Amino acid sequence: MEKEEIAGRLRDIKGQLRLYMNGTVSKSMREKGLLYKVNFGVEIPRIKEIAATYEKDHDLAQALWKEEIRECKILAGLLQPVESFWPEIADIWVEQIYTPEIAELTCMNLFQHLPYAPAKSLQWIAGEQLYVQICGFLTIARLLGKRGDMAPRVANEFLDQAVASFLSGPYLLQRAVTTALRCFMQQSEEHAFAVCRRVDGMEASGVEAERLLYGWVREEVSLG
């Protein structure tokens, strides 16, 4: 796509977003800690309607991602073709995510569909940046939700990192970890038992995070 055509489509998209601006939603998101440089407050169903009027296009999606606008980031994940989204581009995108909403939506709309998602998500959960790890765990959760199983070696690697991340990470990371662990445990009784073994002995731990993880696993097992 030519630069002039990309610029024209960007102008059209921004014009549509301005038409559907919702200051109340934007304010509510700020109050909940979802901070963006620019946030029109457009609701997700409306963003999907806008996306549906465009064909998936690599150049347009890349241009949208570069915009520091909430709605443009979401649209980028919806309009990016999988076949031209190389692993190195995925690493660039994931390092530029800084809100839970964009992490969740990009994992759902794009990352989970990548042919290299299983390997890349394991790489991400071992990363150092918070949202890189979050995207890794959320992508694994999506993959497991599609009934994708794990080889024993991969499962052990995942569990090692999941426990370590929960015990050392902030709440947002803990939430992503438990999302992935829940999907893992739902795969089979063997998986659920493997998680139980990992938290064995943590009930009376002097470390609060260990007690929290133990309590969460116990509750999941009882609900299951």
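Residues numbered from 1 in each chain as written. Predicted model: local features only at pLDDT ≥ 70, side-chain atom pairs only at ≥ 80, totals over all residues. Heavy atoms only, no water.

Q: Give me the lowdown on the overall build of the protein chain, citing residues and values where you can.
A: Scanning the protein chain for helices and strands turns up 13 helices and zero strands. Secondary structure of the protein chain in N-to-C order comes out as α-α-α-α-α-α-α-α-α-α-α-α-α. Whereas a compact globule of 224 residues would reach a radius of gyration of roughly 17 Å, the protein chain reaches 19 Å, a difference of no more than 12%. Counting only C-alpha atoms, the protein chain reaches 60 × 35 × 30 Å along its principal axes. Relative to its full complement of 224 residues, the protein chain shows a buried share of 51%. Considering only contacts in the protein chain between residues 6 or more positions apart, those separated by 24 or more positions represent 67%. Within the structure as shown, the protein chain displays about 11800 Å² of accessible surface, and the carbon and sulfur contribution to it stands at 52%. The positive charge centre, built from 26 side chains, and the negative charge centre, built from 31, are 4 Å apart in the protein chain. (Helix = DSSP H or I, 4+ residues; strand = E, 2+ residues; numbered from the N terminus. Rg over C-alpha atoms; globule rule 2.2 N^0.38 Å. Buried < 20%, exposed > 50% of the residue type's maximum accessible area, 1.4 Å probe, protein only. Contact = heavy atoms within 4.5 Å. Areas by Shrake-Rupley, 256 points an atom, 1.4 Å probe, with all protein chains shown as cover. Lys, Arg positive; Asp, Glu negative; His and termini not counted. Charge placed at Lys NZ, Arg CZ, Asp CG, Glu CD.)

Q: Go over the pattern of salt bridges, please, and point to the residues and values.
A: Taken as a whole and judged by the stated rule, the model has 11 salt bridges. Its salt-bridge partner being R9, residue E5 comes within 3.1 Å of it at the nearest N-O pair. Placement of both E5 and R9 in helix α1 (residues 3-19) is noted, with a separation of four residues, approximately one turn of the helix. The salt bridge partner of E101 is R70, with a shortest N-O separation of 2.9 Å. Taken together, the residues span a long stretch of sequence, with E101 in helix α7 (residues 100-109) and R70 in helix α5 (residues 70-79) at a distance of 31 residues. On the basis of relative accessibility, which here comes to 13%, the residue E101 falls in the buried class. For R70, a relative accessible area of 3% puts it in the buried group. Connected through salt bridges with shared partners, the residues R70, E71 and E101 form a single ionic network. (Salt bridge = Lys/Arg side-chain N within 4 Å of Asp/Glu carboxyl O.)

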